[in-house]
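# Structural description and commentary
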Amino acid sequence: MKQQLAMAFGVSGLVMAAFLTVACAKDDAATQASEAKAAPAKVALKDGPPLEFRGTLSGDLLELAPMEDETFTPEAKHFMATGENPYRNDEEAIKKGYTIFSTACSGCHGHLAEGKLGPALADDYWTYPKNETDKGIFETIYGGAAGMMGPQQGRMTVDEIIHVIAWIRHQAEENLKNGGVAPHG
């Protein structure tokens with residue numbers, strides 16, 4: 001009987017310890033989440049072997065090569081290795097992305113990416129479903145798409161393209177929040 005009691009208390013103790021560990025972890029996670037909201041964290045940049053990028057229409061492998069006089073930025077290297085855009089949620093980068101978009105893309109896609117000759121980019125519909133990801137829309141911009149959307153390889157740097165993508169994502173998020181066209185900046 002003593003062994004059964006000791007075993008029961010032992011199991012109960014383990015269960016209680018596990019419960020308290022989980023409860024404390026949830027409190028720590030909640031505290032960390034609220035601290036993270038207060039001060040936006042910088043993305044830890046990593047580089048490594050590039051991901052495989054493929055043309056939207058052909059599926060052919062895209063060779064990501066720097067333009068003449070271009071040096072890949074740490075952010076571009078990070079994007080090419082991970083597919084994660086370090087400029088997302090970076091206000092200064094988003095503003096720069098808008099400046100680039102307004103001169104290179106707005107003629108076809110509209111001043112606020114609402115669509116014109118080319119499709120809208122700041123809504124929840126994508127002509128190419130892969131464009132829902134930053135890697136996918138990069139492949140479309142870099143390698144080109146149907147119609148008049150020629151490849152921007154050699155016209156825009158990798159860094160400029162990921163700035164534009166950061167602005168497009170920001171614009172789409174603002175549109176969804178506000179139920180319509182959002183300001184660019």
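A brief structural summary. (Residues numbered from 1 in each chain as written. Predicted model: local features only at pLDDT ≥ 70, side-chain atom pairs only at ≥ 80, totals over all residues. Heavy atoms only, no water.)

Along the chain, the regular secondary structure elements total six helices and zero strands. Along the chain, helices (α) and strands (β) appear in the sequence α-α-α-α-α-α when read from the amino end. Residues counted as buried form 35% of the 185 residues belonging to the chain. A total accessible area of about 11,600 Å² is found for the chain, and carbon and sulfur atoms account for 59% of it. (Helix = DSSP H or I, 4+ residues; strand = E, 2+ residues; numbered from the N terminus. Buried < 20%, exposed > 50% of the residue type's maximum accessible area, 1.4 Å probe, protein only. Areas by Shrake-Rupley, 256 points an atom, 1.4 Å probe, with all protein chains shown as cover.)

Core analysis: the largest hydrophobic core is formed by 32 residues, its most contacted members being Phe-101, Phe-138 and Ile-168. Of all the elements in the fold, those that place two or more residues in this core are helix 2 (74–82), helix 3 (91–104), helix 5 (134–143) and helix 6 (158–178). Once you skip the residues sitting within four places of it in the chain, Ile-168 turns out to touch Phe-101, Leu-121, Trp-126 and Ile-137. (Core = buried A, V, L, I, M, F, W, Y, C linked by side-chain atoms within 4.5 Å. Contact = heavy atoms within 4.5 Å.)

Direction vectors running N to C along helix 2 and helix 6 enclose 75°, while the axes themselves pass 9 Å from each other. Considering their axes alone, helix 2 and helix 6 lie roughly perpendicular with respect to each other. Taking contact as the criterion, the partners of Glu-75, Ala-76, Phe-79 and Met-80 in helix 2 are, on helix 6, Val-158, Asp-159 and Ile-162. Split into classes, the residues belonging to the contact of helix 2 with helix 6 amount to five nonpolar, no polar and two charged. (Axes fitted to C-alpha atoms, helices over the stretch in contact; angles between N-to-C directions. Parallel < 35°, antiparallel > 145°, perpendicular 65-115°, else oblique. Nonpolar A, V, L, I, M, F, W, Y, C, P; charged D, E, K, R; others polar.)

Under the criterion given, the structure shown has seven salt bridges. With its nearest N and O atoms 2.7 Å apart, the salt bridge here joins Arg-169 to Asp-134. Of this pair, Arg-169 sits in helix 6 while Asp-134 sits in helix 5, and the two are 35 residues apart along the sequence. The pair formed by Arg-169 and Asp-134 is uniform in burial state, with each residue classed as buried. Put simply, Arg-88, Asp-134, Arg-169 and Glu-173 are held in one network by salt bridges that share partners. (Salt bridge = Lys/Arg side-chain N within 4 Å of Asp/Glu carboxyl O.)

Glancing now at the packing of aromatic side chains. One pass over the full model with this rule turns up six aromatic pairs. Measuring from ring centre to ring centre gives 4.6 Å for Phe-101 and Trp-167, while their planes differ by 35°; the resulting arrangement is tilted. Of this pair, Phe-101 sits in helix 3 while Trp-167 sits in helix 6; the two residues are 66 residues apart in sequence, bridging distant segments of the chain. Judged by its relative accessible area of 0%, Phe-101 falls in the buried class. Summarising the aromatic geometry, the rings of Phe-138 and Tyr-142 are spaced 5.3 Å apart at their centres and angled 15° between planes, so their arrangement reads as stacked. Taken together, the positions of Phe-138 and Tyr-142, both in helix 5 and four residues apart, correspond to about one turn of that helix. Assigned by exposure class, Phe-138 and Tyr-142 land together as buried. Its guanidinium or amino end placed over the ring of Phe-53, Lys-135 lies 5.1 Å from that ring's centre, counting from NZ or CZ. (Phe/Tyr/Trp six-rings, centres within 6.5 Å; stacked < 30°, edge-to-face > 60°. Lys NZ or Arg CZ within 6 Å of the ring centre and 35° of its normal.)

This part covers the side chain of Arg-169. You can call Arg-169 buried: its relative accessible area is 8%. Polar side-chain contacts of Arg-169 include one of 2.7 Å to the side chain of Asp-134. Discounting chain neighbours no more than four positions away, the residues touching Arg-169 are Arg-88, Trp-126, Asn-131, Glu-132, Thr-133, Asp-134 and Ile-137. (Polar contact = N/O pair within 3.5 Å; in protein donor to acceptor, adjacent residues only side chain to side chain.)

Residue position: Ser-102 is located in helix 3. For the pair formed by Ser-102 and Leu-112, sequence separation is 10 residues and the distance between their alpha carbons is 8.3 Å. Here the side chain of Ser-102 touches Thr-99 through a polar contact of 2.9 Å, landing on its backbone oxygen.

Attention now moves to unusual backbone geometry. With phi around 70°, Asp-69 is a residue other than glycine that occupies positive phi space. Structurally, Asp-69 is set in the loop between helix 1 (2–38) and helix 2. On the basis of relative accessibility, which here comes to 77%, the residue Asp-69 falls in the exposed class. Here Asn-89, not a glycine, exhibits a phi torsion of approximately 70°, which is positive. Its place among the elements puts Asn-89 in the loop between helix 2 and helix 3.

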